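Secondary and tertiary structure notes
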Amino acid sequence: MSSSAPQHPRPAGGHRLWSVDEHLADVLGAVRPLEPIELQLLDAQGCVLVEDVTVPVALPPFDNSSMDGYAVRTADVQGASEEFPAVLTVVGDVAAGSGELPTVGPGEAARIMTGAPLPPGAEAVVPVEWTDGGTGGGAAAGMTPASAAPEQSGGEVRVHRAAEARAHVRARGSDVQAGDLALAAGTVLGPPQIALLAAIGRGTVRVRPRPRVVVLSTGSELVQPGEPLTAGTIYDSNSFALAAAARDAGAIAYRVGAVADDADTLRSTIEDQLIRADLLVTTGGVSVGAYDVVKEALSSVGSVPSPGSAASGEDDVDVDATRIDFRKLAMQPGKPQGFGTIGPDHTPLLALPGNPVSSYVSFELFVRPAIRALMGLPESEVRRPSVRAVLKADKALGSPAGRRQFLRGKYDAESGTVSPVGGSGSHLIAALAHADSLMVVPEDVTSVEPGTELEVVLLG
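Residues numbered from 1 in each chain as written. Predicted model: local features only at pLDDT ≥ 70, side-chain atom pairs only at ≥ 80, totals over all residues. Heavy atoms only, no water.

1. Thoughts on the overall build of the protein chain
Each helix and strand counted, the protein chain has 8 helices and 30 strands in total. Long-range contacts, defined here as pairs at least 24 residues apart, represent 72% of the contacts in the protein chain between residues at least 6 apart. As presented, the protein chain carries roughly 20,600 Å² of accessible surface, and 51% of it is formed by carbon and sulfur atoms. (Helix = DSSP H or I, 4+ residues; strand = E, 2+ residues; numbered from the N terminus. Contact = heavy atoms within 4.5 Å. Areas by Shrake-Rupley, 256 points an atom, 1.4 Å probe, with all protein chains shown as cover.)

Structure representation (structure tokens):
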């Protein structure tokens, strides 16, 4: 992700409507991937690898058995059948992790377990089900535990079927060879990648860490879930939604309880949180009301990235002299937005509107890409994927002129259709909970008829 500053003009946020694309470009232009660190494997889950990892030793490191059975020479079991079994002398057990191995000579076999190394002289493994298991009876269903029948590691075994050379043997290096590229730089480390790193002996790996995202909601009317509501209060859902969304994007999220509508309290809270934040997200208090406290609080503690500032790699921003830029965007929901950097480390801050749907849509469009850019993901993985789908609805959908509208939808991949969920109100959180996509209505469209093809942003 480029860290150069955006090239479009920077008028004050309230002087014009910014487009969605301009605002996103401004945000991403100010975000640099986090510096790499060395992490233990489990701590690196979800992180982006910053180095190519090569295989130090072949995997598997030795020929080993893929079955519980007997290691044999192929000549000794050639033509074996239930009527005329090959009778072999058992020279010992080979368990997984065995060090000293018995040598299998002519007319001999070694009882072997899955994953155990193929002993010298053996050319194949016959499953225990192809033998009498050393009991002298019919076909065995399995092996008796060694502790219960130690005598079965010796004696004789009758083999009822022939085996070709290398049958049921996992060859050394059949997974990866020494010197092979195990994982390339840029790989996101999920469980299978962690497993591979462990299998080739890597205890640590160099990655870009998961960003630490602090989420604050504002509003004196907000009550924490589980507490009783009083007159004029509502439950704080935004901080929970955005913290969960930040985790879903790959971040480590810290949710701060709702902050009252007091500029000094909010400013103090933000400054306290800077120590553990790679990105700050606030919700509420960014519109034009008398109690829009985020605007008031951030007017003196933030800085807008600009050419020659942190966005271009320099540290000459006068933090106290500039402001977070509060803007109006040509979108619905989510018209009021704020963006800048804050504190001595120029920590990015995105101030989102307070209506639940506006807040969540704004997160998906602007905050999630910022998180993914901080992780160092390629540009193709920064934004949510989108598809084209045909509108399935009972009537036309209206959209305000000059605004890019994002409507909640339910996408059907099989039919290639998308259906609206709920209305366009920015408070309809129940509808949001049942949506899996956002239908995008362009700025120059005011009515969308059923059967029209739309861009659909997939949220799942």
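2. Focus on the side chain of serine 359
Note that serine 359 resides in helix H7 (residues 356-374). Among the polar contacts made by the side chain of serine 359, one reaches the side chain of threonine 283 at a distance of 3.3 Å. If near-sequence neighbours (up to four positions away) are discounted, serine 359 is found in contact with Asn238, Leu242, Thr283, Leu352 and Pro353. (Polar contact = N/O pair within 3.5 Å; in protein donor to acceptor, adjacent residues only side chain to side chain.)

3. Side note on the pairing of strand S26 (residues 404-412)
Remember that side chains alternate between the two faces of the sheet whenever the strand is regular. Sheet topology places strand S21 (residues 331-332) next to S26; 2 bridges connect them, and they run parallel. Looking at S26, one finds that methionine 331 is bridged to arginine 404. Hairpin connection of S26 to strand S27 (residues 417-420): 4 residues between the antiparallel strands, including glycine 416 at a positive phi of 70 degrees. (Pairing = 2+ DSSP bridges.)

4. Topic: the pattern of salt bridges
Evaluated as defined, the whole model comprises 18 salt bridges. The partner of arginine 404 in a salt bridge is aspartate 21, and the shortest N-O contact between them spans 3.2 Å. One end of the pair, arginine 404, is in strand S26; the other, aspartate 21, is in helix H1 (residues 20-29), with 383 residues separating them in the sequence. Take arginine 404: its relative accessible area is 17%, and that puts it in the buried class. Look at aspartate 21 and you get partly exposed, because its relative accessible area is 47%. Counted as one network, the salt bridges with shared partners bring together Asp248, Glu364, Arg368 and Arg384. (Salt bridge = Lys/Arg side-chain N within 4 Å of Asp/Glu carboxyl O. Buried < 20%, exposed > 50% of the residue type's maximum accessible area, 1.4 Å probe, protein only.)

5. Considerations on H1
Counted residue by residue, H1 has 7 buried out of 10 residues, so it is predominantly covered. Regarding H1, the residues found buried are Val20, His23, Leu24, Asp26, Val27, Leu28 and Gly29.

6. A closer look at the sheet that holds strand S13 (residues 204-208)
The 3 strands lie next to each other as S2-S13-S3, forming an open sheet whose pairing is antiparallel. In this open sheet, the two edge strands, each paired with only one partner strand, are strand S2 (37-40) and strand S3 (48-49). Bridge count for S3 against S13 is 2 bridges, and the pairing is antiparallel. Across the sheet, residue valine 48 finds its bridge partner in S13, namely arginine 208.

7. A closer look at unusual backbone geometry
In this structure, proline 60 follows leucine 59 across a cis peptide bond, with omega equal to -5 degrees. The omega torsion across glutamine 332 and proline 333 is -5 degrees, close enough to zero to call that bond cis. Within the element layout of this structure, proline 333 appears in the loop between S21 and strand S22 (336-342). A positive phi angle, near 70 degrees, is found at arginine 166, a position not held by glycine. Relative to the helices and strands, arginine 166 is located in the loop between strand S10 (156-159) and strand S11 (169-170). You can call arginine 166 partly exposed: its relative accessible area is 39%. Of note, the phi angle at histidine 168 is positive, near 60 degrees, even though the residue is not glycine. Note on placement: histidine 168 falls in the loop between S10 and S11.

8. A word on the sheet that holds strand S8 (residues 108-112)
Read across the open sheet, the 5 strands follow the order S9-S6-S8-S7-S10; overall the sheet is mixed. Two strands close off the open sheet at either side, each with one partner strand: strand S9 (124-127) and S10. Shown here is a sheet whose adjacent strand axes are inclined to one another by a mean of 40 degrees, direction ignored. Both strand S6 (residues 69-72) and S8 contribute to a ladder of 4 bridges, which runs antiparallel. Note on S8: the bridge partner recorded for tyrosine 70 is arginine 111. (Axes fitted to C-alpha atoms, helices over the stretch in contact; angles between N-to-C directions.)

9. Observations regarding the packing of helix H4 (residues 238-249) against H7
In the contact formed by H4 and H7, the axes pass within 10 Å of each other and the chain directions differ by 30 degrees. Classified by the angle their axes make, H4 and H7 are roughly parallel. Crossing handedness for the pair H4 and H7: right-handed. On H7, the residues touching Asn238, Leu242, Ala245, Ala246, Asp248 and Ala249 of H4 are Pro356, Ser359, Tyr360, Phe363, Arg368, Ile371 and Arg372. (Parallel < 35°, antiparallel > 145°, perpendicular 65-115°, else oblique. Left-handed = near helix turned anticlockwise from the far one by under 90°.)

10. Looking at the confidence of the model for the protein chain
In the predicted model, the protein chain carries a mean pLDDT of 87, and 87% of its residues have values of at least 70. pLDDT under 50 marks residues 1-14. Its contacts with residues more than four places away, or in other chains, come to 42 contacts. Note on residues 302-322: pLDDT under 50 across the span, and 56 contacts to partners over four residues away in sequence or across chains. (pLDDT = per-residue confidence, 0-100.)

11. Brief notes about the environment of glutamine 177
Within the secondary structure layout, glutamine 177 lies in the loop between S11 and strand S12 (181-183). In this structure glutamine 177 comes out as partly exposed when scored by relative accessible area, which is 38%. Between the alpha carbons of glutamine 177 and threonine 54 there is a distance of 9.5 Å; along the sequence they are 123 residues apart. For glutamine 177, the contacting residues outside a window of four places in its chain are Val55, Ala58 and Arg172.

12. Some details on the packing of H1 against H7
Helix packing for two helices is described by the angle between their axes and how far apart those axes are. Here H1 crosses H7 at 30 degrees, and the two axes come no closer than 10 Å. The orientation of H1 with respect to H7, classified from their angle, is roughly parallel. For the pair H1 and H7, the sense of crossing is right-handed. Along the contact surface, H1 presents Val20, His23, Leu24, Val27 and Leu28, while H7 presents Leu365, Phe366, Pro369, Ala370 and Ala373. Along the lines of polarity and charge, the residues of the contact of H1 with H7 split into 9 nonpolar, 1 polar and no charged. (Nonpolar A, V, L, I, M, F, W, Y, C, P; charged D, E, K, R; others polar.)

13. Quick notes on the nonpolar core
With 45 residues, the main nonpolar core has Leu279 and Ile371 as its most contacted residues. Elements represented by at least two residues in this core include exactly H1, strand S14 (212-218), H4, strand S18 (279-283), strand S23 (347-352), H7 and strand S28 (437-441). Tallying contributions element by element places H7 first for this core, with 11 residues. Apart from the residues lying within four places of it in its own chain, the contact partners of leucine 279 are Arg212, Val213, Val214, Thr347, Pro348, Leu350, Val367, Ala370, Ile371 and Leu374. One finds Val214, Leu216, Leu280 and Val294 within the second-largest nonpolar core, a separate group that totals 20 residues. (Core = buried A, V, L, I, M, F, W, Y, C linked by side-chain atoms within 4.5 Å.)

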